[in-house]
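# Results of the structural survey
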Amino acid sequence: MDTDVALLLHAKRDELDDQMATLELTPDDQGAISFGKRVGEGTSMAVDRLAQVAVHDGLQATRADVERALVKLDEGTYGTCDVCGRPIAEARLEALPWAVLCVEDQARR
Ligand SMILES: [Zn+2]
């Protein structure tokens, strides 16, 4: 079970690294790949770029949780909340295997 979680977390970390690498491409490359060209719409290009930065921030935050979850696996605290120390609900861990906080503390963060 723990081995499966470790594999899953490593796979997720690789996936996040790939996604961030894609976002870090220059806007021109990025546009060619996923947005298409919007000729003459400089403003919406800028908005796209801002949206990308927000997505990138989200990916980075998730990656930090994945890293923390891997450390917790090593420490033997995986599945318990980093703030209150109570067990994280199993359904939550199934949906978000990198969850390091219970629902209550996550909402407060
Ligand atoms: Zn908690």
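Residues numbered from 1 in each chain as written. Predicted model: local features only at pLDDT ≥ 70, side-chain atom pairs only at ≥ 80, totals over all residues. Heavy atoms only, no water.

This paragraph deals with the UniProt feature "zinc finger region: dksA C4-type" (unreviewed entry) in the protein. In this numbering, the UniProt entry assigns the feature "zinc finger region: dksA C4-type" (unreviewed entry) to residues 81–105. Summarising residues 81–105: 36% helix, 0% strand, and an end-to-end C-alpha distance of 8 Å. (UniProt positions renumbered as here; feature names shortened; annotations may be inferred. Helix = DSSP H or I, 4+ residues; strand = E, 2+ residues; numbered from the N terminus.)

When you line up the elements, R109 lands in the segment after α5 (103–108). Look at R109 and you get exposed, because its relative accessible area is 59%. The sequence separation of R109 and V83 amounts to 26 residues, and the corresponding C-alpha distance is 10.0 Å. Ignoring anything within four residues of it in the chain, the contact list for R109 reads D65 and L101. (Buried < 20%, exposed > 50% of the residue type's maximum accessible area, 1.4 Å probe, protein only. Contact = heavy atoms within 4.5 Å.)

Turning our attention to the coordination of the zinc ion. The protein atoms donating to the zinc ion are C81 (SG), C84 (SG), C102 (SG) and D105 (OD), with metal-donor distances spanning 1.8 to 2.3 Å. Viewed at the metal, the four donor atoms of the zinc ion are separated by angles of 103 to 116°, and the geometry they form is tetrahedral. Along the chain, the residues donating to the zinc ion fall in the pattern C-x2-C-x17-C-x2-D. Of the two residues, C81 is situated in the loop between α3 (42–75) and α4 (90–95) and D105 in helix α5; the sequence distance between them amounts to 24 residues. With a relative accessible area of 4%, C81 lands in the buried category. (Donors = N, O, S within 2.8 Å, 3.2 Å for Na, K, Ca; no water. Tetrahedral: all angles 85-135°; square planar, octahedral: opposite > 155°, others 65-115°.)

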